[in-house]
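As a plain string of letters, each chain reads:
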Amino acid sequence: MIEQSDSIKKAGELYDVQQQKPFATPMLESLTLSKADSSSSPEDCEFMRGKNYKEVVGKLLYFAVMPRPDVATAVSMLARFMDKPGPKMYQAALRVMNYLYHTRETGITYHPGNNLLITSSDADLSANKDTRRSRTGLVIMLNGAAVCWKSRLQPSVALSSTE
């Protein structure tokens, strides 16, 4: 099994998520982030003072790329706001860290088998509020374990779900 429970535990403790209520998902399905949520008001700037958003998201990116494809989409969304994050983005990043911390024993388990290869993909339609671009995700699984995964914004704007 490939997992990073020790690294995730240290990262979670660094951001003090161990005492928080566990979440069942890395991000709320209804959560939408946009540039309008960036720090602009004096209250937002004060809240973000001393918060190292780039460090949190950097740690999350490592976990999303290595042993935890289940957070790839959430982390990809958070990484779009590295230049000017706001409190909403920071709280969402801490939620992902909380989810990882409380599911840190989860990993990818490879089993011997008949080499069954399954590929899946999906996309949303214009979910990015700032650019109206769609997000595409894919996973390739071998014998029930992920061997490749990706989540990214499509390079162009789709006008319908059939494009």
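Residues numbered from 1 in each chain as written. Predicted model: local features only at pLDDT ≥ 70, side-chain atom pairs only at ≥ 80, totals over all residues. Heavy atoms only, no water.

**So, the pairing of strand β1 (residues 117-123)**
Move 1: Taking burial as the measure, the seven residues of β1 include zero buried ones, a minor fraction of the element.
Move 2: Summarising the sheet, β1 and strand β2 (residues 135-142) pair through seven bridges and their orientation is antiparallel. Bridge pairing in β2 links Thr119 to Ile140. (Buried < 20%, exposed > 50% of the residue type's maximum accessible area, 1.4 Å probe, protein only. Helix = DSSP H or I, 4+ residues; strand = E, 2+ residues; numbered from the N terminus. Pairing = 2+ DSSP bridges.)

**A few points about the sheet that holds strand β3 (residues 145-153)**
Move 1: With respect to topology, three strands assemble into an open sheet ordered β1-β2-β3, the strand pairing being antiparallel. Only two strands of the sheet have a single neighbouring strand rather than two, namely β1 and β3. When strand polarity is set aside, the average angle formed by the axes of neighbouring strands in this sheet is 10°.
Move 2: By the bridge criterion, eight bridges tie β2 to β3 in an arrangement that is antiparallel. Within the sheet, the bridge partner assigned to Met141 lies in β3 and is Ala146.
Move 3: Helix α4 (residues 72-79) contacts β2 and β3 of the sheet and is inclined by roughly 30° relative to β3. (Axes fitted to C-alpha atoms, helices over the stretch in contact; angles between N-to-C directions. Contact = heavy atoms within 4.5 Å.)

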